[in-house]
Amino acid sequence: MTTSHAGRRRDLQGLRAVAVLAVVSTHLTGWPRGGFVGVDVFFVLSGFLVTGILLNDLREAGTVRLTAFFARRVKRLLPAAVLVLISVVALGSVLFSTTRAERTLLDALAALGLASNWRFGWEGRDYFATTDVSPLQHFWSLSVEEQFSLAWPLLVLLAVATLPAIARRRRTARVVIALLALAVVVASGAAAGMLTPTDPSLAYFSTLTRVGELAVGAVIAAGAAPLARLPRAVGGLFSWLGVAVIATSFVVVDPDAAFPAPWAALPVAGAALVIAGGVGGDPRHRPLFVLTNPLVVVIGDLSYSLYLWHLPVIVFAGILLPPGPGALTITALAIVVLSVATFLGVEQPLHRMPWPHRAGRADAAPPAAGPVGAAPAVVAATSAGPTATPARTRAASARAAEPSPRPRALASRPAGWVPGQRYYPGARPPATGPDTLATEPGSVAAAPRQGVPAAVPAAATAAAAASHSPRSGIAPTGTAPGDATSLDVGPAETSPSRPTDRAESWSTWRTRFAPRAAMALATLVIGAGATVLAVFVAYGAPTLPGVPLVAAPPAAVSAQDDDALTHLQSDLAAATTANAWPELHPSLDDAIRDSSATNRAHDCFTPDRTPDASSCTWGDAGASHHLSLVGDSSAMAYAPAFARLAEESGGAWRVTTVGMYGCRFTDVLIESRDPAVTAGCDARKDAVAAMVAADPADLLVVSNAFTLARTVDGRDLDAAALASATAREVAGWVPAGRTVYLAPPPHGADLGRCFSPVTGPGACLSAVDDVWTQMESATEAQAATTGDAAISALPFTCWQGVCPAFAGQTPVRYDDTHITPAYAERLTPILRGELTSRGLL
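Residues numbered from 1 in each chain as written. Predicted model: local features only at pLDDT ≥ 70, side-chain atom pairs only at ≥ 80, totals over all residues. Heavy atoms only, no water.

Participant: Describe the overall build of the protein, naming the residues involved and giving the relevant values.
Facilitator: When its secondary structure is counted, the protein shows 29 helices and 12 strands. In the protein, 81% of the contacts between residues at least 6 apart in sequence involve partners at least 24 apart. Of the roughly 33,900 Å² of accessible surface on the protein, 64% is carried by carbon and sulfur atoms. (Helix = DSSP H or I, 4+ residues; strand = E, 2+ residues; numbered from the N terminus. Contact = heavy atoms within 4.5 Å. Areas by Shrake-Rupley, 256 points an atom, 1.4 Å probe, with all protein chains shown as cover.)

Structure (structure tokens):
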């Protein structure tokens with residue numbers, strides 16, 4: 001797939017492979033839990049390579065060639081990314097619900113505008129959420145890298161603008177850039193340290209908190225000269241230590257840990273050690289076999305395409321593939337097929353496309369005659385160093401121009417072969433094409449710089465190689481310090497701006513990449529066939545998600561029965577066997593889009609405002625009885641039912657609904673992913689307690705989430721501990737025996753994932769989870785201990801342990817946890833009956 005060349009750092013390709021495999025594995029299988037830090041490895045590598053390009057420009061031209069730099073990045077990154085974006089939006093419009101398809105389109109536009117990370121951060125998107133995952137969520141890291149690539153060259157230009165022209169080509173410029181990068185590292189680290197505890201979602205996605213990781217790579221690139229003088233044994237030790245640190249971070253770093261500050265420092269340090277340790281070594285780095293073996297290097301070549309495709313395939317496979325042992329294998333196969341086809345048919349051909357055609361610089365020396373395809377060389381003045389005199393320079397040039405006999409050991413090699421390049425008898429030297437020094441996953445090549453001869457005498461090649469030995473600390477022209485490159489060599493070009501040469505360049509390009517395009521097509525065809533075969537083997541036939549087998553409703557359940565619970569159970573039973581979506585009111589799209597916005601008690605549970613009793617009370621203000629509903633968002637979801645109960649009580653009852661979503665009413669503070677909720681939870685519970693004391697309630701209804709939890713001091717709480725903590729929190733708020741613990745519904749299916757125009761309702765069926773059952777049993781036991789009441793949600797949300805997404809014409813939930821306001825109002829007569837049967841109303 002790729003050809004190994006002398007100038008290529010295989011360890012960096014291996015580093016890409018390790019990083020992308022960790023990310024893909026974590027998203028696909030959930031293991032390793034810390035595999036998401038592979039993105040941080042990419043950040044360091046990108047900062048190193050981008051800065052290497054800029055330093056090369058400064059050394060050769062005394063400035064940064066912005067037009068060429070940005071043109072290379074567009075050709076390198078845009079084609080494959082646009083292909084994925086278009087494919088995801090098109091497929092999402094077919095497979096997703098309307099709401100999710102619209103959101104995916106906005107995600108694609110943000111990705112195209114290099115602003116994905118800001119969109120997700122400002123929305124408070126949870127990167128580690130397992131439900132309603134955007135198939136384009138992974139574009140956030142590409143946005144961060146490209147924002148860096150847009151701003152960093154300009155900052156570098158500003159930093160060296162005051163330096164004399166000669167100083168920009170020398171060590172002074174590298175020192176200035178190193179100091180600038182260090183300043184960015186410090187500032188970004190401080191931003192991460194301040195933002196992570198207060199807004200972890202924004203801290204995770206923000207460019208301000210992540211740019212320091214790219215700046216670490218920039219520091220290494222600026223310090224390549226001293227790093228190149230490290231003994232090889234020391235460099236090798238650094239590299240192996242870096243590999244160990246990265247591997248450790250995959251296991252040690254947890255999604256629940258504070259990130260990016262401080263835990264991102266671990267993978268960043270590991271990547272920095274690997275990159276720095278290899279600056280002065282053999283580009284092939286044979287001792288570092290874990291990163292440089294052929295298989296890992298090939299995966300590194302594919303890493304950009306792998307990264308682009310992996311999450312969309314995982315998300316769409318979750319809709320199309322029924323759960324089963326074969327789903328993982330089929331998904332992985334589809335990722336590989338699409339990645340290989342994109343690499344061969346899109347990424348590499350358009351990356352090497354001879355456009356825009358660059359004319360040679362006016363100050364470039366004319367190419368010397370010599371062996372066709374010899375390696376690019378450094379002009380004698382650069383090789384001699386900044387202290388060389390004109391006489392010595394002329395002498396060196398004269399010596400380099402003298403023809404030298406071809407060594408006998410090389411006599412069997414064709415013209416264009418360079419030492420270190422893999423040769424197969426009968427093979428032709430690779431054709432010349434415009435190369436780029438890539439910085440994203442999957443890059444393999446660096447661009448020969450403008451004005452550098454494409455062919456030089458063999459002696460000059462040897463002299464250039466000697467002058468750029470690892471000990472010199474100066475990379476060959478066209479190669480950033482330590483870049484992972486492959487140098488394309490081919491016939492010399494004497495006038496790249498002439499139409500004849502442009503035609504030859506396009507002809508060479510077509511000759512080179514036409515076979516790869518054919519291979520890409522073959523990969524798609526064969527891969528599609530293999531995928532269909534795998535579906536047959538795993539499931540017996542390529543089918544959409546089926547409907548679980550459930551018992552038929554008993555004959556006693558009749559739709560004509562006047563009992564509200566019986567009616568509802570009949571609708572739930574019918575929904576578990578439905579094979580088509582009915583017309584729902586509101587539609588499931590609207591329910592998902594509106595979320596809790598249409599809940600009349602929404603503002604009484606938000607953490608950013610303190611509720612007052614008057615705006616959160618329903619019914620006749622002069623009613624003789626008062627009911628208080630308190631708790632987290634589970635209580636908020638039930639609020640429309642109790643508000644309607646008060647309005648239908650004939651003036652007998654008024655109902656106050658207050659609490660805060662994410663804040664469980666327990667006497668211990670429960671850890672929340674939202675720091676604002678954790679910070680305000682105790683104060684909100686105190687405010688609600690004071691509200692109840694000021695306006696005593698005849699009946700208290702408490703509803704909290706039925707999930708296990710951890711306290712802010714790190715103690716894990718089981719079901720019994722949570723039930724007793726809730727009872728202690730509300731003890732004394734109302735007379736004994738007047739507290740009701742209302743269970744939330746069992747967790748439903750992820751509607752964002754299961755609801756699709758091409759799937760039936762069976763895809764959104766869910767079973768009652770074990771944790772919910774434990775919480776219900778513990779709550780009922782606690783209520784019995786104190787003489788209070790407990791009401792289970794199971795009879796009015798599920799049928800025989802199977803929970804559908806709708807009942808009759810009403811959506812049950814708008815996400816995997818909360819019931820819709822319309823469904824809550826349908827529960828009013830049922831809840832009234834439950835309370836009346838217990839003598840509480």
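After that view, the rundown keeps rolling.
Participant: How would you explain the pairing of strand β2 (residues 625–631) if you had to name every residue and give the values?
Facilitator: For β2, a buried count of 6 out of 7 residues is recorded, marking the element as mostly surrounded by other parts of the structure. The sheet contact formed by β2 and strand β3 (residues 653–659) spans 7 bridges and is parallel. Pairing of histidine 625 across the sheet is with tryptophan 653, part of β3. In this view, the connection linking β2 to its parallel neighbour β3 by way of helix α23 (residues 633–647) has right-handed handedness. In terms of strand pairing, β2 meets strand β4 (residues 699–703) through 5 bridges, oriented parallel. From the neighbouring strand, leucine 629 faces β4, where its bridge partner is valine 701. (Buried < 20%, exposed > 50% of the residue type's maximum accessible area, 1.4 Å probe, protein only. Pairing = 2+ DSSP bridges. Right-handed = clockwise from strand over helix to strand, strands pointing away.)

Participant: Summarise the packing of aromatic side chains; cite the residues concerned and give the values.
Facilitator: Following the criterion strictly, the structure yields 26 aromatic pairs and no others. Geometrically, the ring pair formed by tryptophan 509 and phenylalanine 513 is tilted, given 6.2 Å between the ring centres and 50° between the ring planes. Taken together, the residues span about one helical turn, with tryptophan 509 and phenylalanine 513 both in helix α20 (residues 499–539) at a distance of 4 residues. Grouped by ring-pair contacts, the aromatic residues Phe36, Phe43, Phe120, Tyr127, Phe128, Trp140, Tyr204, Phe205 and Phe259 constitute a single cluster. Above the ring of phenylalanine 96, the side-chain terminus of arginine 100 is found at 4.3 Å from the ring centroid. (Phe/Tyr/Trp six-rings, centres within 6.5 Å; stacked < 30°, edge-to-face > 60°. Lys NZ or Arg CZ within 6 Å of the ring centre and 35° of its normal.)

Participant: Report on the confidence of the model for the protein, specifying residues and quantitative values.
Facilitator: Averaged over the protein, the pLDDT score is 83; the fraction of residues at 70 or greater is 79%. For residues 423–428, every residue scores under 50 in pLDDT, and the model assigns this stretch 5 contacts once sequence neighbours within four places are set aside. Residue range residues 430–497 is modelled with pLDDT below 50. Its contacts to residues more than four positions away, or to other chains, number 250 contacts. (pLDDT = per-residue confidence, 0-100.)

Participant: Residues and numbers for the nonpolar core, please.
Facilitator: One broad trend across soluble globular proteins is that nonpolar side chains are buried collectively. Phe48, Phe139, Trp140, Trp152, Ile177 and Ile275 are the most contacted members of the largest nonpolar core, which has 102 residues in total. Counting residues per element, this core draws most heavily on helix α15 (residues 294–320), at 14 residues. Not counting chain neighbours up to four residues away, the residues in contact with phenylalanine 139 comprise Ala81, Val84, Leu85, Ala111, Ser116 and Leu308. Core analysis: the second largest hydrophobic core is formed by 76 residues, Ile670, Val734, Val740 and Leu835 among them. (Core = buried A, V, L, I, M, F, W, Y, C linked by side-chain atoms within 4.5 Å.)

Participant: Run through helix α4 (residues 98–112), naming residues and quoting values.
Facilitator: Over its 15 residues, α4 extends 21 Å from the first C-alpha to the last, a length consistent with the 21 Å expected when each residue adds 1.5 Å. Buried residues of α4: Thr99, Arg100, Ala101, Thr104, Asp107, Ala108, Ala110 and Ala111, and no others. Looking at the buried side of α4, the elements it contacts are α3 (66–95), α5 (116–123), α6 (139–160), α15, α22 (588–594) and α26 (751–754). At the C-terminal side of α4, leucine 114 shows a positive phi close to 60°. (Expected span 1.5 Å × (residues − 1).)

Participant: Break down helix α29 (residues 828–837) for me, citing the residues and quoting the values.
Facilitator: Along an α-helix, a turn takes 3.6 residues, which lines up residues three or four apart on a common side. Taken together, the buried positions of α29 are occupied by Thr828, Ile830, Leu831, Glu834 and Leu835. Viewed end-on, α29 has its buried residues packed into an arc of 165°, placing them on one side of the element. Immediately downstream of α29, the backbone of glycine 839 shows phi near 70°, a positive value. (Arc of directions from axis to C-beta.)

Participant: How would you summarise the environment of valine 740 if you had to cite specific residues and measurements?
Facilitator: For valine 740, the location among the structural elements is in strand β7 (residues 739–742). The spacing of valine 740 and alanine 790 is 50 residues in sequence and 5.5 Å in space, taken between C-alpha atoms. Non-local contacts of valine 740, meaning those with residues more than four positions away in its chain, are made with Leu699, Leu700, Val701, Val702, Ala789, Ile791, Leu835 and Leu840.

Participant: So what's going on with the state of the cysteines? Residues and values would help.
Facilitator: What the rule picks out here adds up to 4 disulfides. A sulfur-sulfur separation of 2.0 Å characterises the disulfide bridge that pairs cysteine 604 with cysteine 616. For the disulfide bridge between cysteine 604 and cysteine 616, the dihedral angle about the S-S bond is near -105°, and by the sign convention the bridge is left-handed. Within this pair, whereas cysteine 604 is found in the loop between α22 and β1 (617–619), its partner cysteine 616 is found in the loop between α22 and β1, the two being separated by 12 residues in sequence. Residue cysteine 604 is classed as buried on the basis of its relative accessible area, which comes to 2%. (Disulfide = S-S within 2.5 Å.)

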